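Here is what each chain is made of, one letter per residue.
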Amino acid sequence: MAVLRVKFTKTKRDKLAQILWILNWVSVVSGIILFSLGLFLKIEIKKRNEVMAKGDINSVPNMLISVGVIACIINFLGGKICYDCSDANKFSRWKLVMLPYIVCTFCFTFCILVGALMCYTMRNELEESLYLGLRDAIKFYKDTDIPGRCFLKKTVDLLQIGFRCCGNNGFRDWFEIQWVSPRYLNMASKEVLDQLKSNVDGKFLVDGVPFSCCNPSSPRPCIQYQLTNNSAHYNYDFLTEELNIWMKGCREALLDYYTGIMRSIGIAALLIWLFELSVLIGVRYLQTAMKNVLLLGDLEGESDGWLLENSFVETAKYNISIIKNLGKANQISTVSGMNDPNINVQNTDCDKTNITTKSLPAAR
């Protein structure tokens, strides 16, 4: 029994073809939107490429870009098919193409759904990439004279100012690394030498942060050095007083930023998927209705259209049986005792030429 059977008159078929023609052109625009969203996300990721470790974080924008391009091509072709389906004679040349087109479009709409879901599952990969990238960027913050790293100080400072963050997980990350370049350390100073000797591996570690961690909205002048030394500052207690530096880590700030973008893109992709799916359902009804018109032979009469010719269970069983029997026609059985009966059978020579004949006695 057909699933969701609908009866169509000629007027309804023509209207359906015209509506689908318009909707396919709208789908072309939605494909451009998907492409633009993927390109936007790729550019935003590339902007912070210096503070991200290499990984699969570009898989989502690449997926959206590819799906957007395919959407434009498929829906352009779909618009042409639906436009011709308003005429039964023109439909004849698309009759064999429409079913493969519907199957390919269904797979394509599934890719849109996958792309939308990937926007919500990318958070873990992005978080790991930001953690590793920011860790290395902070580690090389002091290397302003080394080629390939000299830009990292500016990058990290602009990042902390722009996103109002400090460090990787927080401002204490700066306490664990030497972020002051050795060229700016006075090696003749006893205080510097004592600091180098007292810290691990001879590094100049201080309980201070770069200037870019300072909160300009704070009424108090920024305290960026000796943050944990209450006696170094007047009327100061770092345990109870709200510090005038950014408290949020840059990993969390960037993760919130990109998560917001991907959530919006995911919602847009889901809406486009639902729209594409509805257009595909309409094309399926149009294809079955036009096919039945040709079978009936009455181009002006009514015809049935459906989503599936048989029930879901029967359709699933039929497709599974096709997959199981795929290629079996060319297989040769190798089971013991099931050899080809024609093997090792001597051929009969019906055209023997070397037949010995008794010679007739010659007449005397």
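The name an unreviewed UniProt entry assigns to the protein chain is RDS2 protein, from the organism Bombycilla garrulus. As recorded by UniProt, the Subcellular location (unreviewed entry) comment attached to the protein chain reads in full: "Membrane".

(A) Just empty space enclosed by the protein, in detail. Taken as a whole and judged by the stated rule, the model has two cavities of 30 Å³ or more. Estimated volume of the largest cavity: approximately 40 Å³. Along the walls of the largest cavity sit N24, N75, Y101, T105, E276, V279, L280 and V283, which together make up its complete lining. Examining the composition of the lining of the largest cavity, we find that four residues originate from one element, helix α8 (residues 250-296), more than from any other. Tallied by class, the residues present in the lining of the largest cavity amount to four nonpolar, three polar and one charged. If you add up the space inside the second largest cavity, you get close to 30 Å³. What lines the second largest cavity is simply L134, A137, I138, V156, L159, Q160, G167 and C250. Of all the secondary-structure elements, those providing two or more residues to the lining of the second largest cavity are α5 (123-139) and α6 (152-163). Considered class by class, the residues forming the lining of the second largest cavity number six nonpolar, two polar and no charged.

(B) Molecular detail of the pattern of salt bridges. Per the counting criterion, the structure on display carries nine salt bridges. Note that D157 is salt-bridged to K153, the shortest N-O span being 2.9 Å. Of this pair, D157 and K153 both sit in helix α6, four residues apart, which is roughly one turn of the helix. Overall, D157 belongs to the buried group, its relative accessible area being 5%. One network of salt bridges, in which partners are shared, links K142, D143 and R149.

(C) View of the side chain of T109. Tracing the backbone through its elements, the reader meets T109 in helix α4 (residues 95-121). Classification of T109 as buried rests on a relative accessible area of 1%. Once residues within four sequence positions are removed from consideration, T109 is found in contact with W273, E276, L277 and L280.

(D) Here's a closer look at the packing of α6 against α8. Close contact between α6 and α8 brings their axes to 10 Å; oriented N to C, the two are set at 65 degrees. Here α6 runs over α8; the crossing is left-handed. Between α6 and α8, the contacting residues are L159, Q160 and F163 on the first element and C250, A253, L254 and Y257 on the second. Of the residues assigned to the contact of α6 with α8, the class counts are six nonpolar, one polar and no charged.

Calculation notes
Residues numbered from 1 in each chain as written. Predicted model: local features only at pLDDT ≥ 70, side-chain atom pairs only at ≥ 80, totals over all residues. Heavy atoms only, no water. UniProt positions renumbered as here; feature names shortened; annotations may be inferred. 1 Å grid on protein atoms, 1.4 Å probe; cavity = no way out; pocket = protein on both sides within 12 Å on 5 of 7 lines; lining within 4 Å. Points joined across faces, edges and corners; volume = space filled by probe spheres on them. Helix = DSSP H or I, 4+ residues; strand = E, 2+ residues; numbered from the N terminus. Nonpolar A, V, L, I, M, F, W, Y, C, P; charged D, E, K, R; others polar. Salt bridge = Lys/Arg side-chain N within 4 Å of Asp/Glu carboxyl O. Buried < 20%, exposed > 50% of the residue type's maximum accessible area, 1.4 Å probe, protein only. Contact = heavy atoms within 4.5 Å. Axes fitted to C-alpha atoms, helices over the stretch in contact; angles between N-to-C directions. Left-handed = near helix turned anticlockwise from the far one by under 90°.

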